[in-house]
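# A structural walkthrough
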Amino acid sequence: MRSGTTGIVALFVLLVVVVVGYSSVFQVSQTQQALVVRLGKPVDVVPNPGLHFKAPFIDTVISIDKRILDLENPSQEVIASDQKRLVVDAFARYRIKDALRFYQSIGSIQAANIQLTTLLNASLRRVLGEVTFIKVVRDEREILMGRIREQLDKEADGYGIEVVDVRIRRADLPEQNSQAVYQRMQTERQREAAEFRAQGGQKAQEIRSKADREAVVIIADANSTAEQVRGAGDGERNRLFAEAYGQDADFFAFYRSMTAYENGLRSNDTRFLLRPDSDFFKFFSNSSGKPPVAAAPAAAAAAAPKP
């Protein structure tokens, strides 16, 4: 009986030791840092991962993320120094560098995001409101993002937060302004295109007129040269014909008649409206082209008067 009671007591003591031991240790992961709170008051900050000890039952461990966290900021409308409205889409990266101050001032990641969003919007309006639209969009965006990060980091330091980076994802005109700008750009491009086309048409007309003028001159020169060559050729031909005619008048007459026969008696049309005794056919009846010998006395007899 006594041994059974002793066993129960030993088991109870062992259970108490296990419970006390389990409540006296806690584990911190590599991505976390821990804050030990005793009766509502912070007593220790554990930044290193591993197994750590605390007072059992009275200490509470609060885990706080020590990784770099994202802050997505909704699009905001900002007025630049030249009174142009901008729609700015920005985001930030931050981490909790002082767990105790973070817990005492804000207490949670959700509350930190809300507070940092307010601070980021205020910093955006301050910094971007001091520069022109062109500097925000093109010239000094990197410098401006650095200034915004510095201001935000300085204001977030009181909450135990370090701002690692701030980036402007998009900075553009509002939709209605963008449409007006695009329309103006389109009109300007159309005007320039029309001007280029007009200049091109004028240049083309000048080139075409010059080419037509040169073509007329070239054709006139060619015709003049052709007429001169043709005249020289005709003169040479006439000279040769004259020499040939002077050497043998009968052969020249025969050659000219044969050429006339060749040109006149084509295969597709051989009709002539001429008398058979026409001078054109003189070589048909006589190869020498002379009238028959007997025809002359008979003609003379017929022409003589009767007694």
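Report follows, based on the coordinates. These numbers were taken from a predicted model, which means no experiment stands behind them.

### Side note on the nonpolar core
By size, the foremost hydrophobic cluster in this structure holds 37 residues, and its most contacted members are Leu116, Leu120, Leu128, Ile148, Leu152 and Ile161. Elements with a contribution of two residues or more to this core: strand 2 (32–38), strand 6 (69–72), strand 8 (85–96), helix 2 (99–105), helix 3 (109–128), helix 4 (133–139), helix 5 (141–156) and strand 9 (161–172). Of all the elements, helix 3 adds the most residues to this core, at 7 residues. If we skip the residues at most four places from it in the chain, Leu152 touches Ala92, Leu116, Leu119, Leu120, Ser123, Val163 and Val166. The next biggest cluster of nonpolar side chains, apart from the first, holds 5 residues, and it includes Val28, Ala34, Val36 and Val46.

### Here we look at the sheet that holds strand 3 (residues 41–46)
As summarised here, the arrangement of the 3 strands in space is 3-2-5, forming an open sheet in which the pairing is antiparallel. The strands lining the two open edges of the sheet, one partner per strand, are strand 3 and strand 5 (59–65). On average, each strand axis in the sheet is inclined to that of its neighbour by 30 degrees, with strand direction left out of account. Of the strand pairs in this sheet, strand 2 and strand 3 are connected by 5 bridges, and their pairing is antiparallel. Each bridged residue has a counterpart across the sheet, and for Ala34 the counterpart in strand 3 is Val46.

### Regarding the packing of helix 3 against helix 5
Relative to each other, helix 3 and helix 5 sit at 140 degrees, their axes nearing to 9 Å. When the axes of helix 3 and helix 5 are compared, the pair comes out oblique. Of the two possible hands of crossing, helix 3 and helix 5 adopt the one that is right-handed. In this structure, helix 3 contributes Leu116, Leu119, Leu120, Ser123, Leu124, Arg126, Val127 and Leu128 to the contact, and helix 5 contributes Leu144, Arg147, Ile148, Gln151, Leu152, Glu155 and Ala156.

### Details of the environment of Ile168
Within the element layout of this structure, Ile168 appears in strand 9. When the C-alpha atoms of Ile168 and Asp89 are compared, they prove to be 5.9 Å apart, with 79 residues separating the residues in sequence.

### Quick notes on the pattern of salt bridges
Following the criterion strictly, the structure yields 19 salt bridges and no others. For Asp98, the salt bridge identified is with Arg101, shortest N-O distance 3.6 Å. Close ionic contact of Arg126 with Glu155 constitutes a salt bridge, the shortest N to O distance being 2.9 Å. Here the residue Arg126 occupies a position in helix 3, and Glu155 occupies one in helix 5, the gap between them amounting to 29 residues. Three or more residues joined by partner-sharing salt bridges are found here, namely Lys97, Asp98, Arg101 and Asp157.

### Considerations on the side chain of Gln32
Its place among the elements puts Gln32 in strand 2. For Gln32, a relative accessible area of 18% gives the class buried. Here the side chain of Gln32 touches Asp65 through a polar contact of 3.3 Å, landing on its backbone nitrogen. Excluding anything up to four places from it in sequence, Gln32 contacts Pro47, Ser63, Ile64, Asp65 and Lys66.

### Let's talk about the pairing of strand 7 (residues 76–79)
Of the two faces of strand 7, the one holding Gln76 and Val78 is buried and the one holding Glu77 and Ile79 is not buried anywhere. Of the strand pairs in this sheet, strand 7 and strand 8 are connected by 4 bridges, and their pairing is antiparallel. By the bridge assignment, Val78 is partnered in strand 8 with Leu86. The hairpin formed by strand 7 and strand 8 contains 5 residues between the paired strands, and Gln83 there has a positive phi angle of roughly 65 degrees.

### Considering helix 5
With 16 residues, helix 5 ought to run about 22 Å at 1.5 Å a step, and its terminal C-alpha atoms sit 22 Å apart, in line with that. Where helix 5 is buried, its residues contact strand 8, helix 3, helix 4 and strand 9.

The rules behind these values
The written sequence of each chain sets the order in which its residues are numbered from 1. In keeping with the model being predicted, local features are shown solely for residues with a pLDDT of at least 70 and side-chain atom pairs are shown and tallied solely at 80 or more, while totals for entire chains, interfaces and linings include all residues. Neither water nor hydrogens contribute to the side-chain values; these are computed over all heavy atoms in the structure. Joining through side-chain atoms within 4.5 Å is the link that ties buried Ala, Val, Leu, Ile, Met, Phe, Trp, Tyr and Cys residues into a set, and such a set is a nonpolar core. Accessible area is worked out with a 1.4 Å probe on protein chains only. A residue is then buried under 20% of its type maximum, exposed over 50%, and partly exposed in between. Elements are defined by DSSP. Helices are runs of H or I of four residues or more, strands are runs of E of two residues or more, and each kind is numbered from the N terminus. What makes two residues a contact is simply this: any of their non-hydrogen atoms within 4.5 Å. Only strands joined by at least two bridges in the DSSP assignment are considered to pair. As a rule, the C-alpha atoms of each element are fitted with a line to give its axis, helices using only the stretch in contact, and angles between N-to-C directions run from 0 to 180 degrees. When describing relative orientation, an angle under 35 degrees is termed roughly parallel and one over 145 degrees roughly antiparallel, while 65 to 115 degrees is termed roughly perpendicular and anything else oblique. Each crossing gets its handedness from the near helix: less than a right angle anticlockwise from the far helix is left-handed, clockwise is right-handed. Each salt bridge in this description consists of a side-chain nitrogen of Lys or Arg and a carboxyl oxygen of Asp or Glu lying within 4 Å of one another. N or O atoms within 3.5 Å of each other form a polar contact, as long as, within protein, one can give a hydrogen and the other can take it, and as long as residues adjacent in sequence are counted only when both atoms are side-chain atoms. Given the number of residues in a helix, its expected span is that number minus one, multiplied by 1.5 Å.

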